[in-house]
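Examination of the molecular architecture
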Amino acid sequence: MIKVNFEIDDETQSFNVPEQWDEVTVGQFMELVELQNISKEEKNPLNTVMKMTTILTGIPLDIIEMVPVEQFHLIQDTLKYSKEDVNIDKKESVTIGDEIFYIKNDFNSLTMGETITIETLVKDAGDNIMSVFDKMLCVFLRKKTKKGNLESFKSVFIQDRSEMFRGLSIESVYAIMIFFSNGVTTSEGTTKTSLETKK
C-alpha cells in the first residue's frame, strides 16, 4: 500500500493505493466484477478506468476528475496488477481480528442447510458468482469447536458474517471463487467435487 497526496483547491488530501491483489478486499473485487459487467456498453473506456480507480483506492470520482493527468497515470502504473489474474493462495484458514475461520474443502457430504444455501446462491448469481461471493464464504469459512471440528453451518451466518468477510483479502479466498466458477451442482445432499481436487 502506498500513500498518494493531492493538492486540490489549496487542500491536501491523502489516499492509499493498493500495490498488489493481496491488498484488495473481497468487497472491492466484487465491485470490480460488477463494474466490468455493467461497463460493456460504456462509450468511453476511460470512464471505466476512473471508476475502477475509485473502487480500488477509495478516491472519490469527483476528486479523480481534478487530478492532473500525469499523476493519474502514476496511479495507474501502481494498479497495473489489476490487469493480471489474482494469485491463488491456497490457505487452510483466514484470520479476522482474533478469530480464525477454517476453510471447509470437503463437499462429499453436505447438510441440508448447506445444500439449499449453495443451490440458492448459485441460482441467484446466474453467470456472476462474484455477486454472492461474500455470502458463499459464509458456507465455506467456519470456526472450530473446542474438539477441533468445524462448527455446523447455520443459515444465520449469512446475515452475521457476510459483511465481515467482504473485508478479507481476495487473494486469501480466491481459490473458493475458482471452485464455484468451474461449476458446482448438488444432488441428494452431495457435491461430487472437492476443493482439494480442483486446480
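For the structure, see preceding data.
First, a word on what this report is: a plain description of the structure on this page. (Residues numbered from 1 in each chain as written. Predicted model: local features only at pLDDT ≥ 70, side-chain atom pairs only at ≥ 80, totals over all residues. Heavy atoms only, no water.)

Right, let's get into the overall build of the chain. Within the chain, the regular secondary structure consists of 8 helices and 7 strands. Out of the 199 residues in the chain, the part that is buried amounts to 44%. Pairs at least 24 apart in sequence give 64% of the contacts found in the chain among residues at least 6 apart. With the model as given, the accessible surface of the chain reaches about 11700 Å², and the carbon-plus-sulfur share is 47%. (Helix = DSSP H or I, 4+ residues; strand = E, 2+ residues; numbered from the N terminus. Buried < 20%, exposed > 50% of the residue type's maximum accessible area, 1.4 Å probe, protein only. Contact = heavy atoms within 4.5 Å. Areas by Shrake-Rupley, 256 points an atom, 1.4 Å probe, with all protein chains shown as cover.)

With that settled, the discussion passes to the sheet that holds strand β3 (residues 93-96). What the 3 strands build is an open sheet, ordered β3-β4-β5; its pairing is antiparallel. The sheet terminates laterally at β3 and β5 (141-142), the two strands that pair on one side only. Taken together, the 4 bridges between β3 and strand β4 (residues 99-103) define a ladder with antiparallel strand orientation. Bridging from a neighbouring strand, I96 pairs with E99 of β4. (Pairing = 2+ DSSP bridges.)

Looking now at helix α7 (residues 156-165). For α7, the full list of buried residues reads F157, I158, R161, S162 and F165. Seen end-on, α7 carries its buried residues on one side only, within an arc spanning 125°. Facing away from the buried side of α7 by more than 90 degrees, the exposed set consists of Q159 and E163. Residues of α7 that are buried make contact with α1 (26-38), β3, β4, α5 (112-125), α6 (133-140) and β5. (Arc of directions from axis to C-beta.)

Overall, the coordinates contain 6 aromatic pairs when judged by the stated rule. For the pair W21 and Y81, a centre-to-centre distance of 5.3 Å together with 80° between the ring planes defines the contact as edge-to-face. One end of the pair, W21, is in the loop between β2 (11-17) and α1; the other, Y81, is in the loop between α4 (69-78) and β3, with 60 residues separating them in the sequence. With respect to burial, W21 and Y81 carry one shared label: buried. Taken together, a centroid distance of 5.8 Å and an interplanar angle of 85° make the contact between F153 and F157 edge-to-face. Connected via pairs of aromatic rings, a cluster forms that spans W21, F29, Y81 and Y174. Here the basic side chain of K144 rests over the ring of Y102, its NZ or CZ set 4.2 Å away from the ring centre. Its end group placed over the ring of F157, R161 keeps NZ or CZ at 3.8 Å from the ring centre. (Phe/Tyr/Trp six-rings, centres within 6.5 Å; stacked < 30°, edge-to-face > 60°. Lys NZ or Arg CZ within 6 Å of the ring centre and 35° of its normal.)

Between α1 and helix α2 (residues 45-57), the shortest axis-to-axis distance is 9 Å and the interhelical angle comes to 165°. Relative to α2, the element α1 is oriented roughly antiparallel. For the pair α1 and α2, the sense of crossing is right-handed. Between α1, through Q28, E31, L32 and L35, and α2, the contact on the second element is made entirely by T48, K51, M52, I55 and L56. Classifying every residue of the contact of α1 with α2 by side-chain character gives 5 nonpolar, 2 polar and 2 charged. (Axes fitted to C-alpha atoms, helices over the stretch in contact; angles between N-to-C directions. Parallel < 35°, antiparallel > 145°, perpendicular 65-115°, else oblique. Left-handed = near helix turned anticlockwise from the far one by under 90°. Nonpolar A, V, L, I, M, F, W, Y, C, P; charged D, E, K, R; others polar.)

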